[in-house]
Amino acid sequence: MPRARIRICARVHPNRETAMPKLAVVQRPPKLLDRAGTLADAVRSVEECAANGAQLVVFPEAYVPGYPVWIWRLRPGGDMALAGTLHAQLLANAVNLAADELAPLRAAAKKHQVTIVCGIDERDGEASRGTIYNTVVLIGPDGEIRNRHRKVMPTNPERMVWGFGDGTGLQVLDTPIGRVGALICWENYMPLARYALYGQGVEIYLAPTYDAGDGWVGTMQHI
């Protein structure tokens, strides 16, 4: 699986102290389609980052249990059986927040007093129980999930595995290191989605993505 990518745009608010906090960006691969194994790796990464003074730890898009890369490679029809098998594994290992399946990561945030932003494949545990979302969560240093943002518009073949999100997670939140907001991958091409963060005074702008093209780099530069 290609290395996941995260871009961070940060600015210092004029009313804040000038000392910059230390941020950590984890760019290690997950154990694909293995929720428990990936979370164990994530906890070890948090421990390492915290030991080196990080106050914010950021993981890639769909880190737990991994980005469904096969959707860009398998053929409709001819590869349907394999796609179905992979989707069943993804569904079984997706994160059900209602069942507290991020508990190990929440405990790590509380133990090390760090803020964590992590991309997950989220399984709806309250309504359909079968829909998966491309979600990014913000966990506070108290171990509580402060925000859940579901990608509003999955990109092209992503709609074969992920449902549509909504605007309830378009939030910028106060953390001990500043006001943090996040958009997922190609959401960052959407002016109104960005404006939702700008309008709330975002100071640390996170953009976890699977993309790596020149257009993406240019987008991060203009943001």
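Here's what I pulled together on the structure shown here.

What counts and what doesn't
Residues numbered from 1 in each chain as written. Predicted model: local features only at pLDDT ≥ 70, side-chain atom pairs only at ≥ 80, totals over all residues. Heavy atoms only, no water. Helix = DSSP H or I, 4+ residues; strand = E, 2+ residues; numbered from the N terminus. Rg over C-alpha atoms; globule rule 2.2 N^0.38 Å. Buried < 20%, exposed > 50% of the residue type's maximum accessible area, 1.4 Å probe, protein only. Contact = heavy atoms within 4.5 Å. Areas by Shrake-Rupley, 256 points an atom, 1.4 Å probe, with all protein chains shown as cover. Lys, Arg positive; Asp, Glu negative; His and termini not counted. Charge placed at Lys NZ, Arg CZ, Asp CG, Glu CD. Core = buried A, V, L, I, M, F, W, Y, C linked by side-chain atoms within 4.5 Å.

**Notes on the overall build of the chain**
Argument step 1. Each helix and strand in the chain was counted, giving five helices and nine strands.
Argument step 2. Whereas a compact globule of 223 residues would reach a radius of gyration of roughly 17 Å, the chain reaches 17 Å, a difference of no more than 12%.
Argument step 3. A principal-axis box enclosing the C-alpha atoms of the chain has dimensions of 60 × 35 × 30 Å.
Argument step 4. In the chain, which comprises 223 residues, the proportion classed as buried is 51%.
Argument step 5. Put simply, 68% of the contacts in the chain that link residues at least 6 apart link residues at least 24 apart.
Argument step 6. Accessible surface computed for the chain: about 10400 Å², of which carbon and sulfur atoms make up 53%.
Argument step 7. When the 24 basic and 22 acidic side-chain charges of the chain are each reduced to a single mean position, those positions are 2 Å apart.

**What about the nonpolar core?**
Argument step 1. Judged by nonpolar contacts, the single largest core of 24 residues is most densely connected at Val57, Phe59, Leu102, Leu105, Ile116 and Cys118.
Argument step 2. For this core, the elements supplying multiple residues, two or more each, are helix 1 (35–51), helix 3 (103–112), strand 4 (115–123) and strand 5 (132–139).
Argument step 3. The contacts of leucine 105, once residues within four sequence positions are left out, are Leu39, Ala42, Val43, Val46, Phe59, Ile116, Cys118 and Ile139.
Argument step 4. One finds Val69, Leu91, Ala94 and Trp162 within the second-largest nonpolar core, a separate group that totals 14 residues.

**Focus: the side chain of serine 45**
Argument step 1. Take serine 45: it is sitting in helix 1.
Argument step 2. Using a relative accessible area of 3% as the deciding quantity, one classes serine 45 as buried.
Argument step 3. Not counting chain neighbours up to four residues away, the residues in contact with serine 45 comprise Val26, Arg28 and Phe59.

**As for the environment of alanine 62**
Argument step 1. Positionally, alanine 62 belongs in the loop between strand 3 (56–58) and helix 2 (80–93).
Argument step 2. Sequence separation between alanine 62 and asparagine 134 is 72 residues; the distance between their C-alpha atoms is 6.3 Å.
Argument step 3. Once residues lying within four places of it in the same chain are set aside, the contact partners of alanine 62 are Tyr67, Gly119, Ile120, Asp121, Asn134 and Trp162.

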